[in-house]
There are 2 protein chains.
Amino acid sequence: MNNFNFCSPTEFVFGKDREQDTGFYVKKYGGTKVLLHYGGGSAVRSGLLGRVKQSLEQAGIAYVELGGVQPNPRDTLVYEGIALCRQENVDFILAVGGGSAIDSAKAIAAGVPYDGDFWDFYSGSQIEKALPVGTVLTIAAAGSEGSGNSVITKTEGALKRGAGSDLLRPRFSVMNPALTCTLPAYQTACGATDIMAHVFERYFTTTTEVEITDRLCEAVLLTMIKETPRVIADPANYEARANIMWAGTVAHNNIVGVGRVQDWNSHGIEHELSALYDCAHGAGLAVIMPAWMEHVYQRGVMRFAQAAVRVWGCEMDFEDPAVTAREGIVRFRRFLHGIGMPLTFAELGAKAEDIPQLVENIGIGNGTRAGFTTLTREDITRIYEIAVDPKLL
Amino acid sequence: MNNFNFCSPTEFVFGKDREQDTGFYVKKYGGTKVLLHYGGGSAVRSGLLGRVKQSLEQAGIAYVELGGVQPNPRDTLVYEGIALCRQENVDFILAVGGGSAIDSAKAIAAGVPYDGDFWDFYSGSQIEKALPVGTVLTIAAAGSEGSGNSVITKTEGALKRGAGSDLLRPRFSVMNPALTCTLPAYQTACGATDIMAHVFERYFTTTTEVEITDRLCEAVLLTMIKETPRVIADPANYEARANIMWAGTVAHNNIVGVGRVQDWNSHGIEHELSALYDCAHGAGLAVIMPAWMEHVYQRGVMRFAQAAVRVWGCEMDFEDPAVTAREGIVRFRRFLHGIGMPLTFAELGAKAEDIPQLVENIGIGNGTRAGFTTLTREDITRIYEIAVDPKLL
C-alpha cells in the first residue's frame, strides 16, 4: 500500500425530504449570499428549486440564480457565473442538480477569488482558494457531491478537462434518493455506469497488497449489480435508489481508492467522445471501458480474473485464468446491455472515421498515459477500434 | 435505509514515516500549545515520542506532557489532564498511542472548556464545545482515530461509559502501520477482534434494504480474515499491518454503518467484563460476541446465514438456513481461537459467580437494551452463561 492523505470533510445530509434543511446547512457553513446554480427545467418543474428557495428564505439567506447548466458543462457559463458572483458579492455557491451543475459550481467557486482565467486550473495550475460549495443532488452518478474534482468542457476546440483540489469538496451535500425516482431509465443507467467506472478506474492498479481497498471496491460494484436492474425495472423504488446514491458517493470520495495507483484512462478516452458528440458520459463509458478491458486484460490476467470471480461471480479457471478474465469482461458488457447501455460506437452515434481526431484530441502526441498499464497512441487507437467492433460480447 | 447525517472530517495522514509530519498538522489545524498525551513506556522506548516532540519543535509548537494513560482509561487521569490544560493554556490535545490514549485525550478535550464535571458527557449530556484533538496512532483496534466516540472508566464503581459527538472527531490522525509491527501477538489479535466487532455491531441490524453498507461491512471483515493471521505469523509484515490499520478506521468512522439501526450490545456486555477484570477489551469481545450470536441467531436466521455465506464462505443450506447460521458462528470462534483469543470466561480469567454483579453493573434494572434484538436482563444473564460454556465451537 502506498502512503496517502485522505480527507473527506463533506457533511452528507441523506434521506427523505432533506432538501428542506438546505438553508440550515448553508448558514451552518457560513453562507450569507448564495449563487443558486442549476441546469434546465427538471429541477424547476419538479418543484425542487422552489422548495430549496423556500428553505433559503426561511433561513434568511439571500440568493441570486444562474440556471442553464448543460450536460458536459461549458466554460462559457462558468465565466458568466464568476462575473455574477463578483457583482453580487456572493459568498457561497449552491448547486442543485447532478454532476454537471456541481462541477460548474466548483469551477465558479475556484474562479471568483482568482485574478487570472479559471481555465488555468483545468490546465494544471493549483487551486489556492475557493468559495465554499454546497449541493442538492438530483442524480447518482458523478460522485461530485463528495469529491474534490470538476470536469469542464472548453467550447472552443471541444476540450474536456478536469481540475482537482480538496478545496473543491462540498461543505455539505443534501442527498434525497426520492429526487432520483423520476429520472428516465437511460439517465439512471448512465449514472450507474459512471459509478461503476469510478470504482473500476481505482480497482485496476499496479499496487499490490491492497486487500482492504480491493474489497471496498468490490462491495460498491456488487451493490450496483444488485440494485441497478431493480431501479430500471421499478424507477420509484426508493430503497434501491438510496443504495445506489450512497454507493455513488463512496465510489468517488476516494475512500475505496486510497494508497494505490489508479488508472483513469477509460475516463480520459471517453471524455473525447462526449466532448465531440455531446453524448452522455456514462453511455460513452459503457462503450469505452469494456473496450479498454478487452485491449489490456492480457497485461494483468490475475487481476481481471479476480474481478471476474469476486464481482461477476465467475468460476475460476485454474488451468487458464485468461478464460475467467475474458468471462468477466463479457459479463460486464451483458450487464451494461441489460440496463440499456450502448456497447459500440454505432449504438452511441460515434463514427469510426473520427478515431484519428479523437486520438489527436487526447493530446499526448507521441507520449504515453500511465495507469494500470501504460498506453501509447497506438493503444488508444486500438481501444477506439475495439469499441467500433468488440469481440468479447 | 434510514435517513442519516455523515461527516468524517478527519484528515488521515497514512504511511511510512508520517509521524515526522505531526508538527505540520498540529499547526495546520490551529494548535499553538499542545498537551502531549500518551500511555506507558512503549512510545517512549521505541523512540516514537521523541520523534513526535522533534516534529513539534521543528514546527515551533510548544507542548506539555501527560503520560500514564492505562488500558481502559480512567476518569482520574482525565481530571488531571483538564487541570493541566487550563493551567498551561493548552489549545490542542495530541494523543500518541492507541484507543486508550485517544479516548482519554477526547475526554480532556471536552472537559477543558466545560464548567461542570466532564463525566456528565459520559452520563448522557451533550458536548457543546471541545478543544481540537489530533492523534498519532500506534495500534489498529479502537477506531478512535476516526470516530467521534470515547469510552472512559470511572474508577469508583468500575463503570465503563461512552460519550459521542462529531466535535470529538480528531482533526488529523497520523497512521504509520510500521509503528504497529512491534506489537505483541496478543495485543494485535485483541485489536483485530475489536475491529471485527465494530463491524458486526453495525452488520446485525433490523433495517432492511441496506445492501451498500452490508457489502462494505463484509469488505472490512473479509480483509481482517485474510490479513490478521498473516500478522500473527509475521508481525513485521508492513503490508498486512497497513491493510488492517485502514480497515480499523473504516470499521469505525461509521461509513459502513450509516442509515441503519446498529446493535452495540456485545460492546455493552463486554464493557462490564473489562471494567471488572481490567482484561483487554478485544479479548472480552472474543468471549462475548460469539456468545451473543449463539444466544440470538434464531431471532434472525437469514441475516446470520448471510454473514456465514458472504463472510465465512459457508455453503448455504437452503433446506435449513439455521445450519448455515450456526456454522458461521462456529467459524468465527475457530478464527478467534486461531489468532490466540480466549473463547470462554475461564480463558479470560472471568468468574461465573460474578455474573449477577456484571448484569447489575449494566444498569438496565428491569428494562431492556435495544438493537438487532431487544435484550432483557435474562437475555444478558444467558449470554454471560453461554460465555462460560459455549456450545457452538
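Note that the coordinates shown come from a computational prediction; the quantities given were computed from them, not determined experimentally. As a convention, each chain's residues are numbered from 1 in the sequence order in which they are written. Each chain gets a letter, beginning with A, and each ligand a number, beginning with 1, in the order they are written. Residue-level local features of this predicted model are given only where pLDDT is at least 70; pairs of side-chain atoms are given and counted only at 80 or more, and the full residue set underlies all totals for whole chains, interfaces and linings. As a convention, hydrogens and water are excluded, and side-chain values are obtained from all of the structure's heavy atoms.

Novice: Account for helix α5 (residues 99-111) of chain B, naming residues and giving values.
Specialist: Residue pairs spaced three or four apart in an α-helix point in one direction, given the helix's 3.6 residues per turn. Residues and elements named next belong to chain B. A helix here means a DSSP run of H or I that spans at least four residues, while a strand means a run of E at least two residues long, and both kinds are numbered starting from the N terminus. Given a helix with a known number of residues, its expected span is that number minus one, times 1.5 Å. Compared with the 18 Å implied by 1.5 Å per residue over 13 residues, the 18 Å span of α5 between its first and last C-alpha is a close match. Burial of α5 is extensive: 12 of the 13 residues sit out of reach of the surface. Residues of α5 that are buried include every one of G99, A101, I102, D103, S104, A105, K106, A107, I108, A109, A110 and G111, and no others. Remark: exposure states derive from per-residue accessible area (1.4 Å probe, protein chains only) relative to the maximum for the residue type, with buried under 20%, exposed over 50%, and partly exposed in between.

Novice: So what's going on with the relation of the copies chain A and chain B? Which residues, and what values?
Specialist: Aligned on chain B, chain A shows an RMSD of 0.0 Å; the corresponding rotation is 180 degrees and the shift along the axis is 0.0 Å. The operation mapping one copy onto its partner corresponds to a two-fold rotation axis. Looking at the rotation axis and the C-alpha trace of chain A, the residue lying nearest is P9(A), at 1.8 Å. Interface overlap between copies is the fraction of interface residues in one copy that are interface residues in the other; for chain A against chain B it reaches 100%, indicating a shared surface. Overlaid copies result from least-squares superposition on C-alpha atoms, with residues included only where pLDDT is at least 70 in both. By the convention used here, residues are in contact when the closest approach between their heavy atoms is within 4.5 Å.

Novice: Any chance you could break down the pairing of strand β5 (residues 133-137) of chain B for me, citing the residues and the numbers?
Specialist: Residues and elements named next belong to chain B. Along β5, five of the five residues are buried, which leaves the element largely enclosed by surrounding structure. Burial along β5 is two-sided: the residues V133, T135 and L137 and G134 and V136 are all buried. Across five bridges, strand β4 (residues 92-97) lies against β5 in parallel orientation. Across the sheet, residue I93 finds its bridge partner in β5, namely V133. Taken together, the four bridges between β5 and strand β8 (residues 172-175) define a ladder with parallel strand orientation. In the sheet register, L137 faces β8, and the bridge partner there is M175. Only when DSSP finds a minimum of two bridges between them are two strands counted as paired.

Novice: Tell me what's going on with helix α6 (residues 185-203) of chain A, and back it up with residues and numbers.
Specialist: Spanning 19 residues, α6(A) covers 27 Å between terminal C-alpha atoms, matching the ideal 27 Å at 1.5 Å per step. Within α6(A), 16 of the 19 residues are buried, leaving the element largely enclosed by the surrounding structure.

Novice: Mind laying out the packing of helix α4 (residues 75-88) of chain A against helix α5 (residues 99-111) of chain A, listing which residues take part and the relevant values?
Specialist: All names here are of chain A. Working convention: axes come from line fits to C-alpha atoms, limited for helices to the stretch in contact. Angles between N-to-C directions cover 0 to 180 degrees. Viewed as axis vectors pointing N to C, α4 and α5 meet at an angle of 50 degrees, and their least axial separation amounts to 9 Å. In terms of axis orientation, α4 runs oblique to α5. Between α4 and α5 the crossing geometry is right-handed. On α5, the residues that touch V78, G81, I82, C85 and R86 of α4 are S104, A107, I108 and G111. Residue classes in the contact of α4 with α5 are distributed as five nonpolar, three polar and one charged. In this scheme, roughly parallel covers angles under 35 degrees and roughly antiparallel covers those over 145, while 65 to 115 is roughly perpendicular and the rest are oblique. A crossing counts as left-handed when the near helix is turned anticlockwise from the far one by less than a right angle, and as right-handed when that turn is clockwise. Residues were grouped as follows: Ala, Val, Leu, Ile, Met, Phe, Trp, Tyr, Cys and Pro as nonpolar; Asp, Glu, Lys and Arg as charged; and all remaining residues, including Gly, as polar.

Novice: Explain the environment of G162(B) residue by residue, including any values.
Specialist: All names here are of chain B. Mapped onto the secondary structure, G162 falls in strand β7 (residues 159-164). C-alpha of G162 to C-alpha of E353: the two residues are 191 residues apart in sequence and 26 Å apart in space. Here G162 is in contact with F121, Y122, S150 and V151, once residues within four sequence places are set aside.

Novice: Explain the side chain of K160(B) residue by residue, including any values.
Specialist: Residue and element names in this part refer to chain B. With respect to the secondary-structure elements, K160 resides in strand β7. Identification of polar contacts relies on pairs of N or O atoms within 3.5 Å, with a donor-acceptor requirement for protein atoms, meaning one able to donate a hydrogen and the other able to accept it, and with residues adjacent in sequence counted only if both atoms are side-chain atoms. There is a polar contact of 2.7 Å between the side chain of K160 and the side chain of S274. If we skip the residues at most four places from it in the chain, K160 touches N72, V151, I152, T153, E270, H271, E272, S274, A275 and H281.

Novice: Go over the packing of aromatic side chains with me, naming the residues and quoting the values.
Specialist: Given two aromatic rings, their pairing is described by the distance between the two centres and the angle made by the two planes. Aromatic rings from Phe, Tyr and Trp, taking only the six-membered ring of Trp, are treated as a pair when their centres fall within 6.5 Å; an angle between ring planes under 30 degrees marks them as stacked, one over 60 as edge-to-face, and anything in between as tilted. Evaluation of the coordinates by the stated rule reveals 52 aromatic pairs over all chains. Centre to centre, the rings of F92(B) and F172(B) are 6.0 Å apart; their planes meet at 20 degrees, and the pair counts as stacked. Taken together, the residues span a long stretch of sequence, with F92(B) in strand β4 and F172(B) in strand β8 at a distance of 80 residues. In this pair, the class of F92(B) matches that of F172(B), namely buried. Above the plane of the ring of Y238(A) lies K16(A), whose end atom (NZ or CZ) is 4.5 Å from the centre. In this analysis the charged atom, NZ for Lys or CZ for Arg, is taken to sit over a ring once it is within 6 Å of the ring centre and within 35 degrees of the ring normal. Looking at R303(B), its charged tip hangs above the ring of Y203(B), at a distance of 5.1 Å from the centre.

Novice: Any details on the interface of chain A and chain B? Residues and values, ideally.
Specialist: Tallying the contact residues gives 40 residues for chain A and 40 residues for chain B. We define buried area as the total accessible area lost by two parts upon association, computed with a 1.4 Å probe and summed across both. With both chains or domains summed, chain A and chain B bury close to 3600 Å², and 56% of this area falls on carbon and sulfur atoms. What counts as a salt bridge is simple: a side-chain nitrogen of Lys or Arg found within 4 Å of a carboxyl oxygen of Asp or Glu. At the junction of chain A with chain B, the criterion picks out four salt bridges. With a shortest N-O distance of 2.9 Å, E209(A) and R230(B) are connected by a salt bridge. Put simply, chain A and chain B have 26 residue pairs in polar contact (both at pLDDT 80 or more) between them. Only β1 (4-14), α7 (211-233) and α8 (238-252) of chain A provide two or more residues apiece to the side of chain A that touches chain B. For the side of chain A that touches chain B, the class distribution of residues is 22 nonpolar, eight polar and 10 charged. Summarising the sheet, β1(A) and strand β1 (residues 4-14) of chain B pair through seven bridges and their orientation is antiparallel. Paired with N5(A) across the two strands is V13(B), which belongs to β1(B).

Honestly, that's just the spatial picture; any functional story needs more than this.
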